[in-house]
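# Understanding the architecture of this molecule
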Amino acid sequence: MRNREFGRLGWRVGEIGCGMWGLAGWTGNDDAATTAALDRAVELGCDFLDTAWAYGDGRSERILGALLKRHPGKRLYAATKIPPKNRQWPSRRGAALDDCFPPEYIREYTEKSLENLGVDTIDLQQFHVWEDAWADDDRWRRVVDDLKREGLVRAFGVSVNRWEPSNVLRTLKTGAIDAVQVIYNVFDQSPEDELFPLCRELNVAVIARVPFDEGTLTGTLTKQSRWPDGDWRNTYFVPENLSKSVDRAEALRPVVPAGMTMPELALRFILQEPTVATIIPGMRTVAHVEANVAASDGRPLAAELMSELRKHRWDRTPTSWSQ
C-alpha cells in the first residue's frame, strides 16, 4: 500500500482507505465476512476508515470500534460524521444551520460517536451534509474549535452533498475545515474545476468517495438490477437513473484495457489525481479488499487512456432521488 499526505495535518495515510456505509446501511451483510474483510484490509495497510453515525444508527461506528480494539498496535485513523438534525440528505437550499447542526447538537453527536468508537479522541469528525451559506456563522466554528481544544476531535471535515462540489468553497476559506470528502470518479470529474485547486492552495485533505458510482463502475449492474426491500440502492437507482447508469458503464467497457477490470480502472483513474489523499471504496469481502488494495502499486495509466476517460465525464445535478 502506498501512502499520501493527508493535507496539512501531517498524517501519512494509505491511498486506499475503507468506506463503511455498506457494512451497516445496505443489505446482504455477513458479520463474519465483514470482520475478515476489515482485518485483511488492516493487514494490507489500509489505515483510514470512514464511517458515520447514520450508517445503521451507530452500528457501523461500533464495527469500527471493534476493529480498533482488535488492532491496538496499529495506527488506524477513524473518521466519522454527524448526521443532520433534520435527517435530510442532502441539505436543502435555504436550510438554516439550526435545522442541521445547532452547536449543542454538534457536541451531542460527537459524544455519541466517541462512545460508539470506544476512543477518547476522534481523528476526523465531519459534517454529513453542508451548505456554504453557513460559512460565516461563528457558532459552528466556535464549537469546532472547542472540541479540538478539549482533545475530543483532532480534525474537522465536510462531506459535500452529491454533485455539489462547489458548495463548500467559502467554508474552506474560513480555515476551520481540515478535510473535504467529495464524490470523485470517472463520471464525476467536476471537483477538478474549482474544489481541487482550492484544496491544493489551502492544503486541505481530499477524501474521494463513491469511486464506483454506487456500483455502476463495477460493471455488474443491469437494467433489471433490484435489491431487497429497505436497501438504499432501490431509492437511488430508480429506473431513470439505473438505465442511464448502465448505458454509461457499457459505453466505458470497450475502454477498459485487457487484463484490467472496470473497478481497477476506476480506482487507477482517481489515483492519477495527486490532490486526492485517500479513496474510500466499500469493501465487504476479502476479495474486494485484495482487489482494491492491489491498485495501489504506483503504476500510472497511459496518457492516451486518461484522455479517453476524460470523455466519459458525466455532469449531473441533484434530483429528488440523488440523496
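Keep in mind that what you see is a predicted model, and the values were worked out from it rather than measured.

Rules used in this analysis
Residues numbered from 1 in each chain as written. Predicted model: local features only at pLDDT ≥ 70, side-chain atom pairs only at ≥ 80, totals over all residues. Heavy atoms only, no water. 1 Å grid on protein atoms, 1.4 Å probe; cavity = no way out; pocket = protein on both sides within 12 Å on 5 of 7 lines; lining within 4 Å. Points joined across faces, edges and corners; volume = space filled by probe spheres on them. Helix = DSSP H or I, 4+ residues; strand = E, 2+ residues; numbered from the N terminus. Nonpolar A, V, L, I, M, F, W, Y, C, P; charged D, E, K, R; others polar. Buried < 20%, exposed > 50% of the residue type's maximum accessible area, 1.4 Å probe, protein only. Lys, Arg positive; Asp, Glu negative; His and termini not counted. Salt bridge = Lys/Arg side-chain N within 4 Å of Asp/Glu carboxyl O. Contact = heavy atoms within 4.5 Å. Pairing = 2+ DSSP bridges. Core = buried A, V, L, I, M, F, W, Y, C linked by side-chain atoms within 4.5 Å. Axes fitted to C-alpha atoms, helices over the stretch in contact; angles between N-to-C directions. Left-handed = near helix turned anticlockwise from the far one by under 90°. Phe/Tyr/Trp six-rings, centres within 6.5 Å; stacked < 30°, edge-to-face > 60°. Polar contact = N/O pair within 3.5 Å; in protein donor to acceptor, adjacent residues only side chain to side chain. Right-handed = clockwise from strand over helix to strand, strands pointing away.

### Some thoughts on the layout of surface pockets
Over the atoms, a rolled probe matching the size of one water molecule traces out where space is still vacant. Size it by volume and the second largest pocket reaches roughly 160 Å³. What lines the second largest pocket is a set of 13 residues, among which E5, G7, N203, P274 and T275 lie closest to the centre. Looking at the lining of the second largest pocket, the elements that each hand over two or more residues are β1 (3–5), α7 (195–202), β9 (205–209) and β10 (276–279). Each residue belonging to the lining of the second largest pocket can be placed in one class, and the counts come to 7 nonpolar, 3 polar and 3 charged.

### Focus: the side chain of D47
Locating D47 in the fold gives a position in the loop between α1 (31–43) and β4 (48–50). R75 provides the closest opposite charge to the buried, salt-bridge-free D47, at an N-O distance of 8.2 Å. Not counting the four nearest positions on each side in its chain, D47 is found in contact with R12, V13, G14, R75, L76 and Y77.

### Some remarks on the sheet that holds β10
Taken in spatial order, the 8 strands line up as β3-β4-β5-β6-β7-β8-β9-β10 in an open sheet, and their pairing is parallel. Whereas interior strands pair on both sides, the edge strands pair on one side only; in this sheet they are β3 (18–19) and β10. Strand direction decides the pairing type here: strand β7 (residues 153–159) and strand β8 (residues 179–183), joined by 3 bridges, are parallel. Residue S159 lies in a different strand from β8, and its bridge partner there is Q181.

### Thoughts on the nonpolar core
In globular proteins that are soluble, nonpolar side chains generally tend to be buried together. Core analysis: the biggest nonpolar cluster contains 83 residues, and F101, I106, F127, W140, L195 and L309 have the highest contact counts within it. Ranked by residue count, the leading element in this core is helix α10 (residues 262–271), at 7 residues. Residues in contact with L195, not counting those within four places in the same chain, are P165, V168, L169, L172, V180 and V182.

### Brief notes about the packing of helix α4 (residues 103–117) against helix α5 (residues 138–149)
α5 packs onto α4 with a crossing angle of 35° between their chain directions and a minimal axis gap of 9 Å. Judged by the sense of rotation from one axis to the other, the crossing of α4 with α5 is right-handed. Of the residues in α5, those in contact with P103, I106, R107 and T110 of α4 are R139, W140, V143, D146 and L147. A breakdown of the residues in the contact of α4 with α5 according to their chemical character gives 5 nonpolar, 1 polar and 3 charged.

### Points about the packing of aromatic side chains
Under the criterion given, the structure shown has 23 aromatic pairs. Ring centres 5.3 Å apart and planes at 40° place the aromatic pair F127 and F156 in the tilted group. With F127 in strand β6 (residues 122–127) and F156 in strand β7, this residue pair connects regions lying 29 residues apart in the sequence. Of the two residues, F127 and F156, neither departs from the other in class, the shared state being buried. Taken together, a centroid distance of 4.9 Å and an interplanar angle of 70° make the contact between Y184 and F196 edge-to-face. A residue pair is termed long-range when its members are at least 10 positions apart, and Y184 in the loop between β8 and α7 and F196 in helix α7 qualify at 12 residues. Taken individually, Y184 and F196 each receive the classification buried, so the pair is uniform in this respect. Three or more aromatic residues joined by ring pairs form one cluster here, namely W21, Y55, W163, W227, W232, Y236, F237 and W321.

### Thoughts on the side chain of D123
Relative to the helices and strands, D123 resides in strand β6. Assessed through its relative accessible area of 4%, D123 is described here as buried. In terms of polar contacts, D123 uses its side chain to reach the side chain of R154, at 2.8 Å. With residues up to four places along the chain from it excluded, the contact list for D123 reads W11, R75, L76, Y77, A78, R154 and A155.

### A closer look at the pairing of β8
Burial of β8 is extensive: 5 of the 5 residues sit out of reach of the surface. Neither face of β8 is exposed, since A179, Q181 and I183 on one face and V180 and V182 on the opposite face are all buried. Alignment of β8 against β9, held across 5 bridges, turns out to be parallel. Pairing of A179 across the sheet is with A205, part of β9. Chirality of the crossover, the property in question, places the unit of β8, α7 and β9 among those that are right-handed.

### Focus: the environment of Y105
Looking at the element boundaries, Y105 is found in helix α4. Relative accessible area serves as the criterion here: at 4%, Y105 is assigned to the buried category. Taking the C-alpha atoms as reference points, Y105 and R59, 46 residues apart in sequence, are found 20 Å from one another. If near-sequence neighbours (up to four positions away) are discounted, Y105 is found in contact with I82, P83, P84, K85, R87 and C100. Within the local environment of Y105, its side chain forms a polar contact with the backbone oxygen of P83, the two atoms lying 2.7 Å apart.

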